[in-house]
Amino acid sequence: MYDVIIIGSGPAGLAAAIYAKRAALNTLVIERSPLSGGQILNTYEVDNYPGLPKISGMELGQKMRAHADEQQVEFVTADVSEIAHENGYHRVMTNKGEFETKTVILATGASHRRLGVPGEDELCGMGVSYCATCDGAFFKNRTVAVIGGGDVALEDALFLARGCKEVFLIHRRDAFRGAKVLQKQVMDTENITLCMDTTVSKIQGEDMVEHLLISNKRTGSQDVLDVNGVFIAVGIQPNTEGIQGLPSMDEAGYVIAGEDGVTDIPGFIVAGDCRTKQLRQVITATADGANAVTSVERYLYEM
């Protein structure tokens, strides 16, 4: 019987694990991949985490995992299918067996949202990518497109512009949602071409991406855009699908909870990007992890 089981090993889960062990709680972290760190592993550079400017996402993830290992956190790699709640306790069912715990911290994070157009699935991994920092090197001196208008899309365009011949940044609206500083950098980069008020209706190619079918919402014109690759950055979705026994969620699938992470199931806490919140960044995820453990301690004290 564990005091707390943490599901997920991104920044929220690792921060929770560190805080839980420092609080002398019997702790287990269940992670889907043995490479801890979550989404930051696919981030080329993290420049807004205090005290660690211009650190790579991989290095930051490794540092967090090393800190958890120093605290002797127990890890198991498994897929969680269900969480049952019985007599004030919880049973976490996985493909590696069942684990019992007094409390649960859900820190499963979120994943890249798909565009949902013909050709996306067929050409995934053959020019269609969701991670510029992972796959950008394959398109050196070639022409690519980035789809999206938030921080990630702008960052991807800037990253790709360093090595690609030309980058088309396609956004369905007439203004970006991303940070102003990123917008200025994009507009000042010569080999980034903006395609505003534009949507992609189809991704085409034989064995690799060859071109996109695009439409301008303002003029109604349709064109063929020749590219060698397309990077989709249209948002994220919470990794809550497929797990039975979760607390109440909103329409998008985010678990409903405030800053303390407390949900409508006693002893079930949520932290990180899978929680309803205003800002999803590494720093807010780690803060969630710390808050979650404080809520766990309070709950255990009151049991």
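Structure report, in brief. (Residues numbered from 1 in each chain as written. Predicted model: local features only at pLDDT ≥ 70, side-chain atom pairs only at ≥ 80, totals over all residues. Heavy atoms only, no water.)

**Focus on the pairing of strand β4 (residues 80-86)**
Relative to strand β5 (residues 89-94), β4 runs antiparallel, the two sharing six bridges. Each residue of the ladder has a partner; that of I83, found in β5, is V92. Turn length for the β4-β5 hairpin, with the two strands adjacent in sequence and antiparallel, is two residues, and the turn residue N87 shows positive phi of about 55°. (Pairing = 2+ DSSP bridges. Helix = DSSP H or I, 4+ residues; strand = E, 2+ residues; numbered from the N terminus.)

**So, a positive patch on the surface**
Residues R172, R173, R177 and K217 make up a contiguous surface patch of positive charge. Along the chain, the position of R173 falls in the loop between β10 (166-170) and α5 (180-187). By relative accessible area, R173 is classed as partly exposed at 40%. (Patch = residues over 30% accessible without salt bridge, like charges linked within 9 Å, V, L, I, M, F, W, Y side chains within 5 Å. Areas by Shrake-Rupley, 256 points an atom, 1.4 Å probe, with all protein chains shown as cover. Salt bridge = Lys/Arg side-chain N within 4 Å of Asp/Glu carboxyl O. Lys, Arg positive; Asp, Glu negative; His and termini not counted. Charge placed at Lys NZ, Arg CZ, Asp CG, Glu CD. Buried < 20%, exposed > 50% of the residue type's maximum accessible area, 1.4 Å probe, protein only.)

**Quick notes on the pairing of strand β13 (residues 211-216)**
For β13, the tally of buried residues reaches five of six residues, placing the bulk of the element in the interior. A loop of six residues connects strand β12 (residues 198-204) with β13, the two strands running antiparallel in sequence. As paired elements, β13 and strand β14 (residues 222-226) share five bridges and run antiparallel to each other. Across the sheet, residue L213 finds its bridge partner in β14, namely V224.

**Let's talk about the sheet that holds strand β9 (residues 143-147)**
The parallel open sheet is built from five strands, whose spatial order is β8-β15-β9-β10-β11. The open sheet has two edge strands with one neighbour each: β8 (128-129) and β11 (192-195). In terms of strand pairing, β9 meets strand β15 (residues 229-232) through four bridges, oriented parallel. Bridging across to β15, V146 finds its partner in F231.

**Overview of the environment of V234**
Considering the arrangement of structural elements, one finds V234 in the loop between β15 and β16 (236-238). Sequence separation between V234 and G150 is 84 residues; the distance between their C-alpha atoms is 7.6 Å. Apart from the residues within four sequence positions on either side, V234 is in contact with R113, R114, L115, I147 and G148. (Contact = heavy atoms within 4.5 Å.)

**Some details on the pattern of salt bridges**
The final tally for this structure, using the stated rule, is twelve salt bridges. D79 is the partner of R32 in a salt bridge, and the nearest nitrogen-oxygen pair spans 3.5 Å. You can see R32 sitting in the loop between β2 (27-31) and α2 (57-70) and its partner D79 sitting in the loop between β3 (74-77) and β4, a full 47 residues away along the chain. The salt bridge partner of D121 is R114, with a shortest N-O separation of 2.6 Å. Judged by its relative accessible area of 55%, D121 falls in the exposed class. R114 sits in the partly exposed class, given a relative accessible area of 40%. Residues joined by salt bridges that share partners form a network here, namely E259, R275, K277 and D288.

**Observations concerning the side chain of S36**
Looking at the element boundaries, S36 is found in the loop between β2 and α2. Since its relative accessible area comes to 5%, S36 is described here as buried. One polar contact links S36 to E31, side chain to side chain, over a distance of 2.7 Å. A polar side-chain atom of S36 sits 2.8 Å from a polar atom in the side chain of R65. Beyond its immediate chain neighbours, meaning those up to four positions away, S36 contacts S9, L14, E31, L41, G61, R65 and F75. (Polar contact = N/O pair within 3.5 Å; in protein donor to acceptor, adjacent residues only side chain to side chain.)

**Structural notes on α2**
The terminal C-alpha atoms of α2 lie 20 Å apart, and with 14 residues this matches the ideal 20 Å at 1.5 Å per residue to within 8%. Where α2 is concerned, the buried positions are G57, L60, G61, M64, R65 and A68. End-on view of α2: buried residues confined to an arc of 130°, all on one side of the axis. Looking one or two places after α2, you find Q72, whose phi comes out positive at around 60°. (Expected span 1.5 Å × (residues − 1). Arc of directions from axis to C-beta.)

Scope: geometric values only; no functional claims are made or implied.
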